[in-house]
Amino acid sequence: MNEVYLSVTDVNTYIKSILDRDPFLSYVYIKGEISNLKFHTRGHLYFSLKDENSKINAVMFNYESYNLAFTPKDGMSVEVKGKINVFVQGGNYQVTVTSMKEDGVGNLYVLFEELKKKLASEGLFDQERKLKLPRIPKKVGVITASTGAAVKDIISTINRRFPLTEIVLFPSLVQGDGAKENICKMLDKAYASDVDVIILGRGGGSIEDLWAFNEEMVARKIAERNKPVVSAVGHEIDYTISDFVSDLRAPTPTGAAELVVPSQLEIIKYLSDYKARIVSVITNKLSSFENELNKIKKSYILSKPTSMYEAREQKLDNLIEMLNKTIPYRLEKEQTKLDNLIEKLYRNSKYLLEREANRLDNIKIKLDLLNPENILQKGYSITLSEGKIVKSVKDLNKGAKLTTKLKDGEVVSKIIS
């Protein structure tokens with residue numbers, strides 16, 4: 001018997017024909033959770049439907065997806081209607097979805113929203129906590145898988161935009177068991193290093209693939225940061241808890257590298273523009289100073305400097321002449337004033353002297369009247385005993401020595417009785 005070998009395409013086409021003829025598979029109603037959702041640029045949707053034990057690939061073409069009343073997301077629980085067929089080129093069967101509606105939210109999406117709400121209430125997403133990225137970082141720390149497109153995109157973008165920046169890689173698991181612990185460990189290492197900013201991320205994937213970045217311990221470790229952290233997880237449509245707690249969210253790992261380092265071309269242009277502005281300012285200033293200098297050079301004072309001196313000399317002559325006229329007049333006036341004062345002083349002094357002389361004469365007359373020696377001129381005498389005037393016989397004793405003053409001398413005597 002001769003065997004007939006079929007091509008792979010023949011086998012897949014035959015299986016497709018069987019499925020296409022099966023009435024039970026032409027109209028199926030399936031409920032499951034969306035995973036690995038991809039939006040094609042032409043509007044087609046590619047995703048998987050899964051439950052606790054299994055999953056099936058699905059596609060929804062643009063002419064059907066345009067009628068959707070909601071935006072599908074990973075983790076959503078949906079109800080779809082469609083048919084089962086085979087994608088011949090890939091050799092895998094799939095459900096071609098003709099309509100889809102929401103059937104609540106998947107478990108992971110619920111966990112995501114609950115943690116997001118919890119951390120937001122604690123203030124971990126507050127704008128006040130956000131750190132500002134350095135304008136030109138010397139070192140950029142990158143926490144991601146050591147292999148894969150994400151790390152290559154980040155390195156190539158930084159080297160292209162600003163090759164002076166040093167890249168320090170902190171290789172980490174980014175999905176699966178131990179990923180969250182490994183990410184936290186690498187964050188601690190990056191915090192302790194001398195990098196200026198940290199990029200934390202990975203490439204795209206399903207909500208399950210990205211789940212390490214939705215873990216609470218990772219979010220809280222990011223919140224402990226002492227330097228800016230940029231979250232770059234998945235594609236532009238993917239959001240994780242890390243995006244909200246970090247200082248900045250980038251749509252992709254490449255976008256993160258573009259946000260973290262400046263473009264050397266932009267800096268060169270900026271410096272060139274700044275140089276042009278400085279040159280313009282200096283030129284304008286020099287032109288202004290030159291105009292001012294020319295005005296000064298053409299001024300009357302500088303063109304005829306002696307004119308200012310002559311004017312000053314004339315003014316000085318006028319002042320001297322004025323002084324020569326004023327000083328004699330002032331001296332004469334002051335001299336007259338001084339003479340009047342001297343004359344007044346003389347009159348007052350003479351009057352005072354005469355008054356005091358009269359007063360002195362009166363005092364002298366009174367003193368003469370009171371002077372006991374004056375009565376001696378009238379024949380009276382004064383008797384003293386031991387230098388004291390004798391006023392009574394009772395003051396004397398027999399044998400005492402007496403001195404009697406007369407107008408023309410003294411007589412010494414001795415008391416006999």
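Refer to the structure printed above.
Draft legend 1. Molecular detail of the overall build of the chain. For the chain, the helix and strand inventory stands at 12 helices and 14 strands. With respect to the principal axes defined by its C-alpha atoms, the chain has extents near 210 × 85 × 40 Å. Residues classed as buried in the chain amount to 31% of the 417 residues present. Counting contacts in the chain only where the partners sit at least 6 residues apart, residues at least 24 apart contribute 62% of the total. Each charge sign in the chain was given a centre, from 62 positive and 55 negative side chains, and these centres are 12 Å apart.

Draft legend 2. How the structure looks around the packing of aromatic side chains. Within this structure, the stated rule accounts for four aromatic pairs. The interplanar angle of 25° and the centroid separation of 6.0 Å between the aromatic rings of Tyr 239 and Phe 244 together place this pair among those described as stacked. In this structure Tyr 239 comes out as partly exposed when scored by relative accessible area, which is 47%. The ring of Tyr 270 is capped by Arg 135, whose NZ or CZ atom sits 5.7 Å from the centre of that ring.

Draft legend 3. Fine view of the environment of Asn 214. For Asn 214, the position within the fold is in the loop between β8 (197-202) and α7 (216-223). In sequence terms Asn 214 and Tyr 239 are 25 residues apart; their C-alpha atoms lie 9.1 Å from each other. Those residues in contact with Asn 214 that sit more than four places away from it in its chain are Phe 112, Leu 115, Tyr 239, Thr 240 and Ile 241.

Draft legend 4. Inspection of the sheet that holds strand β12 (residues 388-389) at higher detail. With antiparallel pairing, four strands are arranged side by side in an open sheet as β12-β11-β13-β14. One side of each edge strand has no neighbouring strand; the edge strands of this open sheet are β12 and β14 (409-414). By the bridge criterion, three bridges tie strand β11 (residues 382-385) to strand β13 (residues 401-406) in an arrangement that is antiparallel. Bridge pairing links Leu 384 to Thr 403 in β13.

Draft legend 5. Spotlight on the side chain of Ser 231. Inspection of the secondary structure assignment puts Ser 231 in strand β9 (residues 229-233). Overall, Ser 231 belongs to the buried group, its relative accessible area being 0%. Here the side chain of Ser 231 touches Asp 243 through a polar contact of 2.5 Å, side chain to side chain. Not counting chain neighbours up to four residues away, the residues in contact with Ser 231 comprise Leu 200, Thr 240, Ser 242, Asp 243, Ser 246, Leu 248, Arg 249 and Ala 250.

Cut-offs used in this document
Residues numbered from 1 in each chain as written. Predicted model: local features only at pLDDT ≥ 70, side-chain atom pairs only at ≥ 80, totals over all residues. Heavy atoms only, no water. Helix = DSSP H or I, 4+ residues; strand = E, 2+ residues; numbered from the N terminus. Buried < 20%, exposed > 50% of the residue type's maximum accessible area, 1.4 Å probe, protein only. Contact = heavy atoms within 4.5 Å. Lys, Arg positive; Asp, Glu negative; His and termini not counted. Charge placed at Lys NZ, Arg CZ, Asp CG, Glu CD. Phe/Tyr/Trp six-rings, centres within 6.5 Å; stacked < 30°, edge-to-face > 60°. Lys NZ or Arg CZ within 6 Å of the ring centre and 35° of its normal. Pairing = 2+ DSSP bridges. Polar contact = N/O pair within 3.5 Å; in protein donor to acceptor, adjacent residues only side chain to side chain.

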